[in-house]
Amino acid sequence: MASTLNGRTEHHSKLLNGHANGASELRREPLKNSGSIDHLDYVDVTPIIGREYPTAKITDILHAPNSEQQLRDLAITICERGVVFFRAPQDDLTIEEQKQVTYLLGKLTGRPEGHGLHVHPLYNDPHNILMANGKTDPNIYMINSEVSRKIYKTMKGRPGENGEPRDQAWEWHSDALFENCPSDFSFLRIQETPPSGGDTLWCSGYELYDRMSPSFRSYLETLTATCAQPVFQSASEAGGYEMMSPRGSPLNKGFDFAPVHPVVRTHPVTGWKSIFASVGLHVSRINEVHKYEDQLIRDYVMRLITRNHDCIARMHWTKQSCAIWSNACTLHAATTDIHLVEGRRVGVRASGIGEVPYLDPASTGRREALGWPQN
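One structure accompanies this document, and this report is about it. This is a predicted model, so every value here is computed, not measured.

Below, the discussion takes up helix α3 (residues 67-81). Here α3 spans 21 Å end to end across 15 residues, near enough to the 21 Å set by a 1.5 Å rise per residue. With 11 of 15 residues buried, α3 lies mostly within the body of the structure. Listed in full, the buried residues belonging to α3 are Ser67, Gln70, Leu71, Asp73, Leu74, Ala75, Ile76, Thr77, Ile78, Cys79 and Arg81. Just downstream of α3, Gly82 is the residue with a positive phi angle, here 95 degrees.

In structure tokens:
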């Protein structure tokens, strides 16, 4: 990745896909939902983001005669709504089926050839816990707060490490933003959870974009962000184990954990603009601006997240419930309060790897595309 200002300008030109100013044709035609899963009961979490299926079983979709059509429509729904929840216990879903669903959601909606499921860089860390079947899988990341503290002990600046109250804003992120090709879909199933605590929140990147003034969001479209995550190299070196490579794409390899991504990107499935690389634990700096301006921009995006709670979908986990989300149009954050209650939170996550993020000048915000009012 380019590291100089001229290099960033060249890189950003590539992110814009080579379109001349004023281009009118989208790089990719938005996909249309065929209605094959309209028979499923659902409720939208808010008008802005999220959909919950209270009774649907993912195995019924996976094994339906028209399973690929249903999975494609599910993927489009996820990309439009940001995140979907399956509330009924999905205890009949195997690990292999969870991986298959995650893989097909991307494949059926245009994931690049040669891209598959992500392999976590620290898969070889001995602190990783086993799956329920006593095995490990390179395409499965086990979610456990106790394990995370051990694996990421070399990470600098972790909230609460100095005895101060933890800043939950640090938790916001999109999965694998530290890769040249980040995650497209992520699929998390919770296997163990205490009766309270550990909720996950998702914020709509579409709506963050639309809530900005036209002049300000146009300015953000000119910016990129460096998403450096040095903890993977420091953790593997401290632990004395090999880094996983490649990781779901030939472009995700070695110790290359400092990609440059657009602050505003176009979602390849919907064609809508979304705030993307802007805040959270994987964004090291916003380029093309001074350090103080970088912080001002990040503070403003975080202000939008914290002061617009209608942009948020919150999942209170129950055993074997699931969430599947699009990383191209959402940020998410775990609530780190499990230490206050009895029990532990254990989840099984699979993530796909999408394309190199880009901003298509011909794309629009969601509100403009759908004819919604601007406020």
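Turning to the sheet that holds strand β14 (residues 330-334), a few remarks are in order. One open sheet holds the 3 strands; their spatial order is β12-β6-β14, and the pairing between them is antiparallel. Looking at strand neighbours, the two that pair on one side only are β12 (312-315) and β14, the edges of this open sheet. Adjacent strand axes in the sheet meet at a mean angle of 20 degrees, parallel and antiparallel pairs treated alike. Bridge count between strand β6 (residues 200-204) and β14: 5 bridges; the pairing is antiparallel. Counted as the bridge partner of Cys203 is Leu331 from β14.

So, about the state of the cysteines. Scanning the entire structure with this criterion turns up 0 disulfides. Cysteine Cys311 is unpaired, with the sulfur of Cys203 as its nearest cysteine sulfur at 5.4 Å.

Attention now moves to the packing of α3 against helix α4 (residues 95-107). Two elements in contact, α3 and α4, have axes separated by 9 Å at closest approach and are oriented at 75 degrees. The angle between α3 and α4 falls in the class roughly perpendicular. Here α3 contributes Leu71, Leu74, Ala75 and Ile78 to the contact with α4, which in turn contributes Val101, Leu104 and Leu105. Here the contact of α3 with α4 is built from residues that sort into 7 nonpolar, no polar and no charged.

This next bit is on the pattern of salt bridges. Within the structure shown, the criterion is met by 19 salt bridges. Between Arg87 and Glu52 there is a salt bridge whose closest N-O contact spans 3.5 Å. You can see Arg87 sitting in the loop between β3 (83-86) and α4 and its partner Glu52 sitting in strand β2 (residues 51-53), a full 35 residues away along the chain. For the salt bridge of Glu207 with Arg366, the shortest nitrogen-to-oxygen distance reads 3.3 Å. Pair noted here: Glu207 is in helix α6 (residues 205-210) and Arg366 is in helix α10 (residues 366-370), with a separation of 159 residues, a long-range link. What emerges from the salt-bridge pattern is a single network uniting Glu207, Arg211, Asp310, Arg366 and Arg367.

Now for the sheet that holds strand β11 (residues 285-286). Overall, antiparallel pairing links the 3 strands, which are arranged β8-β7-β11 in an open sheet. Lying at the two open borders of the sheet, with one neighbouring strand each, are β8 (260-262) and β11. Bridge analysis of strand β7 (residues 224-226) against β11 gives 2 bridges, and the strand direction is antiparallel. Bridge assignment links Thr226 to a residue of β11, and that residue is Arg285.

Listed as buried for helix α8 (residues 231-239) are Val231, Phe232, Ala235 and Ser236. For α8, the angular spread of buried residues about the axis comes to 125 degrees, placing them on one side. Projecting away from the buried face of α8 at angles above 90 degrees are the exposed residues Glu237 and Ala238. Of the residues one or two after α8, Gly240 is the one with positive phi, at around 70 degrees.

Parameters at a glance
- Within every chain, residues take consecutive numbers counted from 1 along the sequence as written.
- Given that the model is predicted, a residue must reach a pLDDT of at least 70 before its local features are reported, and side-chain atom pairs must reach 80 or more before they are shown or counted; all residues, however, enter totals for whole chains, interfaces and linings.
- As a rule here, side-chain values cover all heavy atoms of the structure and leave hydrogens and water aside.
- Each helix is a run of H or I in the DSSP string that is no shorter than four residues. Each strand is a run of E no shorter than two, and both are numbered from the N terminus.
- By this rule the span expected of a helix is its residue count minus one, scaled by 1.5 Å.
- For every residue, the accessible area (1.4 Å probe, protein chains only) is compared with the maximum for its type, and the residue is labelled buried under 20%, exposed over 50%, or partly exposed between those bounds.
- Note on pairing: two strands pair once DSSP finds at least 2 bridges between them.
- Angles here are taken between N-to-C directions and fall from 0 to 180 degrees, while the axes themselves are lines fitted to C-alpha atoms, restricted in helices to the stretch in contact.
- When the sulfur atoms of two cysteines come within 2.5 Å, that pair is taken as a disulfide.
- Should an angle fall under 35 degrees it is taken as roughly parallel, and over 145 as roughly antiparallel, whereas 65 to 115 is taken as roughly perpendicular and any remaining angle as oblique.
- We call two residues in contact whenever any of their non-hydrogen atoms come within 4.5 Å of each other.
- Each residue gets one label: Ala, Val, Leu, Ile, Met, Phe, Trp, Tyr, Cys and Pro are nonpolar, Asp, Glu, Lys and Arg are charged, and the others, such as Gly, are polar.
- Definition used for salt bridges: Asp or Glu carboxyl oxygen within 4 Å of a side-chain nitrogen of Lys or Arg.
- An arc is given here, and it is the one of the directions from the helix axis to the C-beta atoms.

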